[in-house]
Protein chains: 2
Amino acid sequence: MSTIREVAKVANVSVATVSRVMNEKGYVSEKARVAVLQAIKQLDYRPNRVARSLFQKRSGLIGLIVPDITNPYFPQLARAVEDMAHKHGYQVILCNTDEQFQKEHEYIQSLEAMHVDGLIITTNYSNNPNYETIEVPIVALDRVLQGAIPTVTSNGYDGGKKAAQFLLDHGADELVVISGPSKLPTIKKRRDGFEEVAGKHLVASIESPFHFQGALDAANYLFDHYTCNGIFAANDVIAAATIQVAAERGIAIPEQLQVIGYDGIELGQMISPPLTTIAQPIYQMGELAAKLLIQRIEGKEIAAVHHELTVEVIERETTKRKDEQI
Amino acid sequence: MSTIREVAKVANVSVATVSRVMNEKGYVSEKARVAVLQAIKQLDYRPNRVARSLFQKRSGLIGLIVPDITNPYFPQLARAVEDMAHKHGYQVILCNTDEQFQKEHEYIQSLEAMHVDGLIITTNYSNNPNYETIEVPIVALDRVLQGAIPTVTSNGYDGGKKAAQFLLDHGADELVVISGPSKLPTIKKRRDGFEEVAGKHLVASIESPFHFQGALDAANYLFDHYTCNGIFAANDVIAAATIQVAAERGIAIPEQLQVIGYDGIELGQMISPPLTTIAQPIYQMGELAAKLLIQRIEGKEIAAVHHELTVEVIERETTKRKDEQI
DNA sequence: TTGTACGCGTTATCAC
DNA sequence: GTGATAACGCGTACAA
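Everything numeric in this text was worked out from a predicted model, so none of it was measured.

This part takes up the overall build of chain A. Helices and strands together make up the secondary structure of chain A, namely 12 helices and 12 strands. A compact globule built from 326 residues should have a C-alpha radius of gyration of about 20 Å, whereas chain A, at 25 Å, is more than 25% larger. With respect to the principal axes defined by its C-alpha atoms, chain A has extents near 85 × 40 × 30 Å. Looking at the 326 residues of chain A, the share that counts as buried comes to 56%. The long-range fraction of contacts in chain A, counting pairs at least 24 apart against all pairs at least 6 apart in sequence, stands at 69%. A total of about 13700 Å² of accessible surface is found on chain A, and carbon and sulfur atoms cover 50% of it. Both charge centroids of chain A, one from 32 positive and one from 40 negative side chains, sit 12 Å from each other.

Written out as structure tokens, the structure is:
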């Protein structure tokens, strides 16, 4: 890899001139310009981003911290973040915390030490007081962080209410919610909204991990202990596990049991029957988070507001048709 | 963020001493050591990785280039790579090429310019002659690159053969393979293996994109033009789409049609009926690729060999039981 | 219009 | 044992 000095030598100018040509700053004669351009091409010169970062104190890197990349929700989010970042000339460093506080902490330290320009965080631990001490700009995505940190989520409370209303409207009257870990505020809201509308029709409210294997256990527990005809799962993976277990037990969906998920990931279309779900605008959420972050990075003061995007029901085949319910 | 100079000042020593303490190199008196440690703690000093990279010419970063992170196969791979990298003190930069040559090229340039220590590449374009000119160590994962580049794949040829044999053994005698883009050598092998064993039982061989939507189209095309009772899909996503379309058309699986996928991603367990598939050792592949890369980075000369891991059939419910077939 | 020289934060090589 | 000091490659005052 050649350096700016070699280019200067080949072009018979000084490094300053090369730099000026590269960054299109300051005056440089046409003759020098073409000589430099020529030399750059000849040597396949690309500026060393490390040295540049050191000087400029910006790295062009955005850290994206997710709890579990094998949960398909996060790749879709990551994809949106990456697209937007790429569009603005940033690169994304993706880190997996495994839901472990320790790993999250390590990654944040590490990313700060490598001078990322900003951080998008989709994990949170209520007992973590550190976010306020982080010097780089942060945006929280899908989860809510303490402190004055801009946040992007979907309206889970409304989503929960819509799910309950939808099930009731379609003839289910014994409702269950399989929530995720309720220590996550965004998750708790989904359950709260659901329970409020479900009212006296609520049969049970249980918790499940987000990963498929754990959700299978939760679903088995549910069917062992309760009977119901309408289930709201806190995410689509849990819904898929629920459907899987129902199928094993010979419970007909949607005839005997209606299921509605949350997220709107592609998985919902892949399973049979295709999943009715409360869809978050995942791509927009990722884009918005990235956009907010980049604005902050580039100096615009943005309010530490909470952006709560609306969700909508996508009706597929794990719920009854309106005309079937009668 | 405080610098080494500030630490030196607080501890009343020179920066050299601080550096020695940090890196545990060279002699330093116990008294100086505790003073430095004390100062480091007090200032919450962490060395600037950018400056360190500039000097050492290593960044502690590994670039991982994938074609599509929303295809669940790649997150599982990424997860393995990341775990192994993390274990050795490296961080992973994940980049999405969208199967576009242009983006891949940009990312590689960019990653080189930021002095990543190595590259793991899971995309390839037969018309890309550039890999040989890249200066950092490279390992190819799941795809085969030209030039003397170590490669990790699964034995797709054997996988294809196993799939055909399995279908034949379970009573299917009109076989179809829905392959992925055949310009990818690893994909082509799966098809070749299948076709060889299928022999005169092969009814059709069609191609499909890897993403779900495209695979739906391919499956519809298939059912419009051919009849068959055994399908081998080049990956699990295509298999899921095929099953979806079959369900829509009222084709009973596995009674009328048996389906076998390839990959062994978690999705296979999530769909109904659960998917019989040729499982790659995904996690091991990711680990191995990362391990090979790190070995090369750290100076060990490793042969540019092709590591081809074995695959195995995971029998689930999209194929008939042996005892049912009669 | 162009070149010299310095600083960014770190590590390594010398003298002391 | 320890402290100056010279790199690493880049960008930019400032002088020419």
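Text resumes after the structure shown.
Residues and elements named next belong to chain A. With 15 residues, helix α5 (residues 73-87) should reach 21 Å at 1.5 Å per residue; the first-to-last C-alpha distance of 22 Å fits that figure. In terms of burial, α5 is largely enclosed, as 12 of its 15 residues are buried. Restricting attention to buried positions, one finds in α5 the residues Tyr73, Phe74, Pro75, Leu77, Ala78, Arg79, Ala80, Val81, Glu82, Asp83, Met84 and Ala85. Just beyond α5, the residue with positive phi is Gly89, at close to 85 degrees.

Neighbouring DNA strand C are 25 residues, the closest being Ser29 and Phe55 of chain A together with Ile4, Tyr45 and Arg52 of chain B. Here Arg20 of chain A contributes a side-chain N or O atom positioned 2.9 Å from a base nitrogen of DNA strand C. In the model, a phosphate oxygen of DNA strand C is placed 3.3 Å from a nitrogen or oxygen of the Asn23 of chain B side chain. Elements supplying a minimum of two residues to the surface near DNA strand C: α2 (15-23) and α4 (49-56) of chain A together with α1 (4-11), α2 (15-23) and α4 (49-56) of chain B. A per-class count over the surface near DNA strand C returns 13 nonpolar, seven polar and five charged.

The operation relating chain A to chain B is a screw motion whose rotation component is 180 degrees, with 0.0 Å of axial translation and a residual RMSD of 0.1 Å. Here the transformation between the copies is reduced to the relation of a two-fold axis. When the interface residues of chain A are mapped onto chain B, 98% of them are again interface residues, pointing to one common binding face.

Turning to the interface of chain A and chain B, a few remarks are in order. Each partner contributes to the interface: chain A provides 50 residues, whereas chain B provides 49 residues. Counting the surface lost from both chain A and chain B, the interface buries some 4900 Å², and carbon and sulfur atoms represent 53% of this. By the criterion of area lost to chain B, the three top residues of chain A are Val50, Arg79 and Met270 of chain A, representing 13% of everything that side buries. Counting the contacts that link chain A with chain B gives eight salt bridges. The residue Asp98 of chain B makes a salt bridge to Arg79 of chain A at a minimum N-O spacing of 2.6 Å. Inspection of the chain A/chain B interface yields 27 residue pairs in polar contact (both at pLDDT 80 or more). Elements with a contribution of two residues or more to the side of chain A that touches chain B: α4, α5, β2 (91-96), α6 (101-113), α9 (212-225), α10 (236-248) and α11 (267-270) of chain A.

Moving on: the layout of surface pockets. Approximately 1100 Å³ is the volume found for the largest pocket. Taken together, 32 residues form the lining of the largest pocket, with Tyr45, Pro47, Asn48, Ala51 and Arg52 of chain B sitting closest to its centre. At the level of secondary structure, the elements contributing two or more residues to the lining of the largest pocket comprise α4 and α12 (282-297) of chain A together with α1, α2 and α4 of chain B. In terms of residue count, the dominant contributor to the lining of the largest pocket is α2 of chain B (five residues). Along the lines of polarity and charge, the residues of the lining of the largest pocket split into 13 nonpolar, eight polar and 11 charged. In this structure, the second largest pocket encloses a volume near 940 Å³.

Right, let's get into the UniProt feature "domain: HTH lacI-type" (unreviewed entry) in chain A. Residues annotated in UniProt with the feature "domain: HTH lacI-type" (unreviewed entry) correspond here to residues 2-56 of chain A. For the annotated span residues 2-56 of chain A, helix accounts for 71% and strand for 0% of the residues, and the straight-line distance between the end C-alpha atoms is 20 Å.

Before going further, it helps to examine the protein's contact with DNA strand D. In the neighbourhood of DNA strand D, 25 residues make up the surrounding shell, with Ile4 and Arg52 of chain A together with Thr17, Arg20 and Ser29 of chain B lying closest. When the atoms of DNA strand D within 4 Å of the protein are grouped by moiety, sugar and phosphate amount to 66% of the total. At 2.8 Å, a side-chain N or O of Tyr45 of chain A approaches a phosphate oxygen of DNA strand D. Interatomic distance of 3.0 Å between a backbone N/O atom of Ser14 of chain B and a phosphate oxygen of DNA strand D. The set of elements that each furnish at least two residues to the surface near DNA strand D consists of α1 (4-11), α2 and α4 of chain A together with α2 and α4 of chain B. The class makeup of the residues in the surface near DNA strand D is 13 nonpolar, seven polar and five charged.

With an omega of -10 degrees, the peptide bond running from Ser272 of chain A to Pro273 of chain A counts as cis. When you line up the elements, Pro273 of chain A lands in the loop between α11 and β10 (276-279). Of the consecutive residues Ile253 of chain B and Pro254 of chain B, the connecting peptide bond is found in the cis state with omega at 5 degrees. In the Ramachandran plot, Glu99 of chain A falls in the positive-phi region, its phi being about 60 degrees despite a non-glycine side chain. Summarising the element assignment, Glu99 of chain A is placed in the loop between β2 and α6.

Let us look at empty space enclosed by the protein. Within this structure, the stated rule accounts for eight cavities of 30 Å³ or more. Roughly 220 Å³ of internal volume is contained in the largest cavity. Around the largest cavity, the lining is made up of 17 residues, and of these Thr70 and Pro72 of chain A together with Thr70, Pro72 and Leu267 of chain B lie nearest the centre. Listed by contribution, the elements that provide at least two residues to the lining of the largest cavity are α5 and α11 of chain A together with α5 (73-87) and α11 (267-270) of chain B.

How each quantity is defined
Residues numbered from 1 in each chain as written. Chains lettered and ligands numbered in written order. Predicted model: local features only at pLDDT ≥ 70, side-chain atom pairs only at ≥ 80, totals over all residues. Heavy atoms only, no water. Helix = DSSP H or I, 4+ residues; strand = E, 2+ residues; numbered from the N terminus. Rg over C-alpha atoms; globule rule 2.2 N^0.38 Å. Buried < 20%, exposed > 50% of the residue type's maximum accessible area, 1.4 Å probe, protein only. Contact = heavy atoms within 4.5 Å. Areas by Shrake-Rupley, 256 points an atom, 1.4 Å probe, with all protein chains shown as cover. Lys, Arg positive; Asp, Glu negative; His and termini not counted. Charge placed at Lys NZ, Arg CZ, Asp CG, Glu CD. Expected span 1.5 Å × (residues − 1). Near = heavy atom within 4 Å. Polar contact = N/O pair within 3.5 Å; in protein donor to acceptor, adjacent residues only side chain to side chain. Nonpolar A, V, L, I, M, F, W, Y, C, P; charged D, E, K, R; others polar. Least-squares fit on C-alpha atoms with pLDDT ≥ 70 in both. Buried area = accessible area lost by both parts, 1.4 Å probe. Salt bridge = Lys/Arg side-chain N within 4 Å of Asp/Glu carboxyl O. 1 Å grid on protein atoms, 1.4 Å probe; cavity = no way out; pocket = protein on both sides within 12 Å on 5 of 7 lines; lining within 4 Å. Points joined across faces, edges and corners; volume = space filled by probe spheres on them. UniProt positions renumbered as here; feature names shortened; annotations may be inferred.

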